[in-house]
Amino acid sequence: MKTCVFIVPQLSQPRCIKRIKSIYDAGIPIKVYGFDRGLYSENIANIPFPVERIIVYPGKNKFSRLFFIIKTIRNIIRTNKKDSVFYLFSFEVAYYATMMGCKNYIYEEADVSAVKKRFAWQRKYFLRKDRNLVQNAKLAIFTSQGFVEYIFGDKSPKNLMLLPNKLSPFFTDEKRDSLYKHEIDVNHLRFAFIGLVRYFRTILGFAKVVGEKFPQHEFHFYGDASNKELLKFETEKYKNIYIHGAFSNPQDLEKIYSNVDINIVCYDPSSINVRIAEPNKLYESIYFRTPIVVSKETYLERRVLELGIGTSIDCTKSEDIESFIKSISISDIDKYIKNMNSISSEQLIDNADEIVFRISEIL
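What counts, and where the lines are drawn
Residues numbered from 1 in each chain as written. Predicted model: local features only at pLDDT ≥ 70, side-chain atom pairs only at ≥ 80, totals over all residues. Heavy atoms only, no water. Helix = DSSP H or I, 4+ residues; strand = E, 2+ residues; numbered from the N terminus. Buried < 20%, exposed > 50% of the residue type's maximum accessible area, 1.4 Å probe, protein only. Contact = heavy atoms within 4.5 Å. Axes fitted to C-alpha atoms, helices over the stretch in contact; angles between N-to-C directions. Parallel < 35°, antiparallel > 145°, perpendicular 65-115°, else oblique. Left-handed = near helix turned anticlockwise from the far one by under 90°. Nonpolar A, V, L, I, M, F, W, Y, C, P; charged D, E, K, R; others polar. Arc of directions from axis to C-beta. 1 Å grid on protein atoms, 1.4 Å probe; cavity = no way out; pocket = protein on both sides within 12 Å on 5 of 7 lines; lining within 4 Å. Points joined across faces, edges and corners; volume = space filled by probe spheres on them. Phe/Tyr/Trp six-rings, centres within 6.5 Å; stacked < 30°, edge-to-face > 60°. Lys NZ or Arg CZ within 6 Å of the ring centre and 35° of its normal. Salt bridge = Lys/Arg side-chain N within 4 Å of Asp/Glu carboxyl O.

Caption draft 1: Layout of the environment of Asp350. By the element assignment, Asp350 lies in the loop between α15 (330–341) and α16 (353–362). For Asp350, a relative accessible area of 9% gives the class buried. Apart from the residues lying within four places of it in its own chain, the contact partners of Asp350 are Lys18, Arg19, Leu163, Pro164, Lys166, Leu167 and Pro169.

Right under this line is the structure:
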């Protein structure tokens, strides 16, 4: 059997760790090369599989970083070209790897990079490249049906596999049955954002409305932040906003969710990726029976409303946030939780059987 060589743009990313572990646990020979951007650092300390090399990014100079990434990927491919199939996480890694001559590869995409480009001609070019990467892959994995629809419409390639970012098998049906959840008091609600804080306009905007208008409620940030200083500066004057910092995923999730009443997942919809993604917070919220609030005009909104597990608002408008908080009722919360209880854990926890089977065939 050939070796599955992983190239990971952010080694501490929980999704990547979960995916590699499932393949490693299946007895498939692996090598792992992972970049470290300094985020989710707690997860790197507990990686449950051998790592060939952790690659720390150099300084902040954009061009030197780009050159370093390309050179590193080229060396990994040259070193492992014989008897290997490369598992490439992200468009950037796959794009540079194929430029360096990588032909035998599996491609996983959890973010459509083309939509981040400034000019229309750039977006068109990189979307075409994205389609080519999928079509030439031994297997392509997308984490959202929204991505499939955006890139391919209703005619997706036969080698494309949809694998939503569900919960790690660390969680089980038995654990879910024994979860502790405090009684919800609508007169003292605990809102929270759980994960890397990036969308300051919407997430921070929601927290500040709680801080300014609703002293009887609380807002909690659990996780790292892309700009820790800004987050602290914007929230330090509010006594009912709490910043807990980074945590270990999945080990700390149960404790965190046990103290959260409503999960705020209002990512900024000005980003096309936000509008088409299906984040893991959907599955976490259902598993931990925590009603979810998401942004309007998104694929995630469609899923949340279909399942009846939360609601959507325009988090770019403080008046809409304020109106929503005033409207929260215990009957709505109970309805969302009841609908969550009707969804089996089997639908929420990652099952690696199909991807392991497909990769075993390729190797």
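Picking up where we left off.
Caption draft 2: Examining the packing of helix α3 (residues 62–80) against helix α4 (residues 91–99) more closely. Direction vectors running N to C along α3 and α4 enclose 60°, while the axes themselves pass 9 Å from each other. Classified by the angle their axes make, α3 and α4 are oblique. With respect to the hand of their crossing, α3 and α4 are arranged in right-handed fashion. Counted together, Leu66, Ile69, Ile70, Ile73 and Ile77 of α3 and Val93, Tyr96 and Ala97 of α4 form the full contact between these two elements. Its residues assigned to classes, the contact of α3 with α4 shows eight nonpolar, no polar and no charged.

Caption draft 3: Up close: α16. Buried residues of α16: Ile355, Val356 and Ile359, and no others. One side of α16 carries all its buried residues, which in axial view fall inside an arc of 100°. Facing away from the buried side of α16 by over 90 degrees, the exposed positions are Asp353, Phe357 and Glu361. Looking at the packing, one finds that the buried side of α16 touches α1 (14–25), β4 (84–89), β5 (105–109), β6 (139–142) and β7 (160–162).

Caption draft 4: The arrangement of the layout of surface pockets in detail. In this structure, the second largest pocket occupies an estimated 430 Å³ of space. Taken together, 26 residues make up the lining of the second largest pocket; nearest its centre are Ile17, Lys18, Ser168, Phe170 and Pro250. Among the elements that take part in the lining of the second largest pocket, α1 stands out by supplying seven residues, more than any other. Split by residue class, the lining of the second largest pocket holds twelve nonpolar, eight polar and six charged.

Caption draft 5: Spotlight on the packing of aromatic side chains. Counted according to the given criterion, the structure contains 20 aromatic pairs. Taken together, a centroid distance of 5.8 Å and an interplanar angle of 70° make the contact between Tyr95 and Phe126 edge-to-face. On the criterion of sequence distance, the pair formed by Tyr95 in helix α4 and Phe126 in helix α5 (residues 120–136) is long-range, its members being 31 residues apart. On the accessibility criterion, Tyr95 (16% relative accessible area) is buried. Taken together, Phe91, Tyr95, Tyr96, Tyr125 and Phe126 form an aromatic cluster joined through their ring pairs. Across the ring face of Phe170, the terminal group of Lys175 is positioned such that the distance to the ring centre comes to 3.7 Å.

Caption draft 6: How the structure looks around the pattern of salt bridges. Applying the stated rule across the entire model yields 14 salt bridges. Linking Glu108 and Arg15 is a salt bridge whose minimum nitrogen-to-oxygen distance equals 2.8 Å. Placement of the pair is Glu108 in strand β5 and Arg15 in helix α1, with a sequence separation of 93 residues. Judged on exposure class, the residue Glu108 and its partner Arg15 are both buried. Note that Asp268 and Arg201 form a salt bridge whose closest N and O atoms lie 2.9 Å from each other. Placement of the pair is Asp268 in the loop between β11 (262–265) and α11 (272–276) and Arg201 in helix α8 (residues 200–213), with a sequence separation of 67 residues. According to the relative accessible area criterion, Asp268 is buried, its value standing at 11%. Overlapping salt bridges, with partners in common, bring together Arg15, Arg19, Glu108 and Asp350 in one network.

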